[in-house]
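Listed below are the residues making up each chain.
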Amino acid sequence: MFFWRLKLTDMKKSISLFMAIIMLSLTPFQLVAKQAETSNKLISGTPVEVRTTVPVTSTQIGNIIGEVVSDVYATDGETILIRKGARVEITASFEKNGAPGKAGIININGASVSAVDGKTIMLSTDPYSVKGKGKGGLAWGLGIGIGVFTLLGFLFLFLKGGNAEIPAGTNIPGVCVNGTYTVVSEP
């Protein structure tokens, strides 16, 4: 009796192992076939319209938040790879205004956005800077000019320049995809 059970369990294990091997060997072919139908290339240089969603000043710290203005399509012209309204993280550096009359500056260096499949897409931008109103000439002129006649002229050297500002809804020029990505489109 024990001998019969041993053989029956061995046979069940063998059949289970055989079925598992068949299933595992077929799975990659099914995944590749499905992915080939739904994946598209997002090529480097594809333009992406981006605008700011909140006002930005040179006194802030961190990234700027923007959004995609219009859908970005695959080369077939029908498949959407980046949706309109997708959140864009715009990388920027800020220089605060200061004395004597130094203006604030915002330099936009790049950006990133998520594709429809959740993949992070890096974006490049044309060099884009916004500079506040400088008051260096005014600060030095008043500081030296009034300083000649009074002892209080040096106080004008503490005059600060203006902050750089980018209003909400400003389009960032020259934004495009940086690199080539394979994006799995929505079914």
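Since the structure is predicted, the reported quantities are computational estimates derived from the model, not experimental observations.

S.K.: What is the right way to read the overall build of the chain from this model?
M.R.: Within the chain, the secondary structure is distributed over two helices and 14 strands. By the burial criterion, 32% of the 187 residues in the chain qualify as buried. Long-range contacts, defined as pairs at least 24 residues apart, comprise 66% of the intrachain contacts of the chain with a sequence gap of at least 6. Approximately 11900 Å² of the chain is accessible, and the part contributed by carbon and sulfur atoms is 64%.

S.K.: It is not clear to me how the environment of Gly110 should be interpreted in this structure. Could you clarify?
M.R.: On the secondary structure map, Gly110 appears in strand β8 (residues 105-114). In this structure Gly110 comes out as buried when scored by relative accessible area, which is 7%. Beyond its immediate chain neighbours, meaning those up to four positions away, Gly110 contacts Glu89, Ile90, Thr91, Leu123 and Thr125.

S.K.: Explain the nonpolar core here, please?
M.R.: Grouped burial of nonpolar side chains is what soluble globular proteins tend to show. Grouped together as the largest cluster of nonpolar side chains are 33 residues, with contacts concentrated most on Leu42, Ile121 and Leu123. Mapped onto this core, the elements with two or more residues apiece are β4 (64-68), β6 (80-82), β7 (87-95), β8, β9 (120-124), β10 (128-131) and β14 (181-184). If we ignore the near neighbours within four places in the chain, the residues touching Leu42 are Val72, Leu81, Ile82, Ile121, Val177, Gly179, Thr180, Tyr181 and Val183.

S.K.: Looking at this structure, I do not really get the side chain of Thr79. What am I missing?
M.R.: Relative to the assigned elements, Thr79 resides in the loop between β5 (72-73) and β6. Separated by 2.8 Å, the side chains of Thr79 and Asp76 make a polar contact. In this structure, Thr79 is in contact with Asn40, Val72, Tyr73, Ala74 and Ser185, ignoring residues within four places of it in sequence.

S.K.: Help me understand the environment of Asn40 in this model?
M.R.: Position of Asn40 among the secondary structure elements: in strand β1 (residues 39-42). Along the backbone, Asn40 and Ser185 are 145 residues apart, and their C-alpha atoms lie at a distance of 7.0 Å. If sequence neighbours within four positions are ignored, Asn40 has contacts with Ala74, Thr79, Leu81, Tyr181, Thr182, Val183 and Ser185.

S.K.: So what exactly am I meant to see when it comes to the confidence of the model for the chain here?
M.R.: A low pLDDT means the predicted coordinates there should not be read in detail. For the chain, mean pLDDT is 75; residues scoring 70 or higher make up 65% of the total. Highest mean pLDDT in the chain belongs to strand β2 (residues 50-52) (92); lowest belongs to helix α2 (residues 136-149) (51). Within the model, pLDDT remains below 50 along residues 33-37, and this stretch shows one contact once partners closer than five positions in the same chain are excluded.

Cut-off values and rules
- Residues numbered from 1 in each chain as written.
- Predicted model: local features only at pLDDT ≥ 70, side-chain atom pairs only at ≥ 80, totals over all residues.
- Heavy atoms only, no water.
- Helix = DSSP H or I, 4+ residues; strand = E, 2+ residues; numbered from the N terminus.
- Buried < 20%, exposed > 50% of the residue type's maximum accessible area, 1.4 Å probe, protein only.
- Contact = heavy atoms within 4.5 Å.
- Areas by Shrake-Rupley, 256 points an atom, 1.4 Å probe, with all protein chains shown as cover.
- Core = buried A, V, L, I, M, F, W, Y, C linked by side-chain atoms within 4.5 Å.
- Polar contact = N/O pair within 3.5 Å; in protein donor to acceptor, adjacent residues only side chain to side chain.
- pLDDT = per-residue confidence, 0-100.

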